[in-house]
Amino acid sequence: MGRLIEIQPVPGSGKLVRAEPFGGTLAFRRPEMVVLVDHDFLSSVGLRMGTDKPQAAGPDLLLDPVAPFEAHLTVAHGCDAGCRGCYIDSDAQDPGQVDLELWRGVLAKLAELGVYHVALGAGESTPLESLIALAHTARDLGLTPNLSTAGRHLTPRLARKLSVFGRVHLSLDGAAGAAGSVRGRDDFSSSLMALEILRAYHDRVGVNCVVARTNCDELEPLFRLLAGHKVRNVELLRFKPAGRGARIFDQMAMTAEQGESFIGRVLRLGRRYRLRLRLDCSFTPMVCAAGISPKRLSRLGLAGCVGGSWLVSVDWRGRLSGCSFDYENGRASYRDLGRSGVFDHYLNWTKQAPEPCASCDYLSICRGGCHVVARHVSGSFFAADPGCPLVKKWQGRS
Amino acid sequence: MRLSIFSKRGKVISVRPGSNPNSSSLGVDVTWLLASGAFAGLLTLFGGTLVRWALRRRKGKNDNRA
């Protein structure tokens, strides 16, 4: 049983349980999961974990941990792919070199805070060797590194070295033409080749698929293709108005009809092709609108905007943010990691939530949906997510 | 103190299955939404049992060392 179960000790302290205001957190490498427990649970196993302000856990309370569960690091942004919706607004002239010393410092700080996972990414000009080197540093510090890549320069020799990553996901936005409809260029065949290489050399491979208006109705061919390649893990990401994506968001955002039917459709397709589906945080309003009880969603760890709380991001300039799509709020740098007050606009969002979010049963889970989308469309970070089917329904009534 | 892995005291607030592989946003496994409502309860029960087992095992190791 010991081989089937492996706890990830808290980086920095080596303890099994991270003390939280609501109780504690345990991360497992096998099976992969994060478990949040309350104070009474910890007492029942003989643990007394003091936090300054013990908080009772309940369905209406926000679960803000003492430190993020994960950090997203975009270590460089040089890329000659030229995707039209690139959220980091990549630069074809940038050679994509990585300041390894800087990033090793960031990783050390994250480990000191007790962050469990780091997801590494970069523009495609960045040599994969740099990311592999950082992943080894992360491992040495007790962090679990994951990687997302478009795999443009992937070779079998490099793929062998990716075993240092807990999980590797390839960016693939559709089967054949659908992929190109999001990126504005056709690289499907090279992506497919990268997927086959990854599958051959790594046992935890999946696909990240950005969902936009142009490919939302074309997900079934992708799911069929992935099932055929025995790729079982798929993460679907909502198209965001960040970087070059901001310029084309109006034509790429899912339509109201697509948003309303999205969850039912992808869950049906996931079942048909036996895929393990993940949805990114910005899809939470759509999940909430599907009518599943808040209690059930909360138990499954569903979370809307937990920027600055469950996750933090650092970009290639060393800027710190609550979310990879949001570097417009504030001027924090990675040196501010762990400093209080940096993410107050995220953490206090629900206190000043507008209607219909303020009176929504899902507020503590959804936290207003994607604030980056809201800011782009309405001009305010504190507006309701305009893509939420419940918000649209409420707007139609009032 | 004897620690049972099936103790009913305390609560598992949530279990987040899987690990987020994406470097831009936070993903959550929704495969379990296909299952019935009771399954979320079973998942938290499973998570809680696993945590108790792992902590009891660690405690046993420490006791042996002492």
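About the cut-offs
Residues numbered from 1 in each chain as written. Chains lettered and ligands numbered in written order. Predicted model: local features only at pLDDT ≥ 70, side-chain atom pairs only at ≥ 80, totals over all residues. Heavy atoms only, no water. Helix = DSSP H or I, 4+ residues; strand = E, 2+ residues; numbered from the N terminus. Buried < 20%, exposed > 50% of the residue type's maximum accessible area, 1.4 Å probe, protein only. Salt bridge = Lys/Arg side-chain N within 4 Å of Asp/Glu carboxyl O. Pairing = 2+ DSSP bridges. Right-handed = clockwise from strand over helix to strand, strands pointing away.

1. Structural notes on the overall build of chain B
Phase 1 of the analysis: When helices and strands are tallied, chain B shows 1 helix and 2 strands.
Phase 2 of the analysis: Secondary structure elements of chain B, listed N to C terminal, follow the sequence β-β-α.
Phase 3 of the analysis: A burial count over chain B gives 53% of its 66 residues as buried.

2. A few points about the pattern of salt bridges
All names here are of chain A.
Phase 1 of the analysis: For the structure shown, the criterion picks out 25 salt bridges over all chains.
Phase 2 of the analysis: A salt bridge links D80 to R152; the nearest nitrogen and oxygen atoms lie 3.1 Å apart. Here the residue D80 occupies a position in the loop between strand 5 (70-74) and helix 2 (100-113), and R152 occupies one in the loop between strand 7 (144-149) and helix 4 (156-161), the gap between them amounting to 72 residues.
Phase 3 of the analysis: Here R152 falls in the partly exposed class, since its relative accessible area comes to 33%.
Phase 4 of the analysis: Because the salt bridges share partners, they merge into one network encompassing D173, R183, R185 and D187.

3. A word on the pairing of strand 6 (residues 117-121) of chain A
All names here are of chain A.
Phase 1 of the analysis: Most of strand 6 is tucked away, with 5 of its 5 residues classed as buried.
Phase 2 of the analysis: Here strand 6 shows two buried faces, one formed by H117, A119 and G121 and the other by V118 and L120.
Phase 3 of the analysis: Note: strand 5 against strand 6, 5 bridges, orientation parallel. The residue bridging L73 from the neighbouring strand is L120, located in strand 6.
Phase 4 of the analysis: For the segment spanning strand 5, helix 2 and strand 6, crossover handedness is right-handed.
Phase 5 of the analysis: Examined bridge by bridge, strand 6 and strand 7 share 4 bridges and lie parallel to one another. Residue pairing for strand 7: V118 is matched across the bridge by P145.
Phase 6 of the analysis: In this fold, the crossover linking strand 6 to strand 7 by way of helix 3 (residues 128-140) has right-handed handedness.

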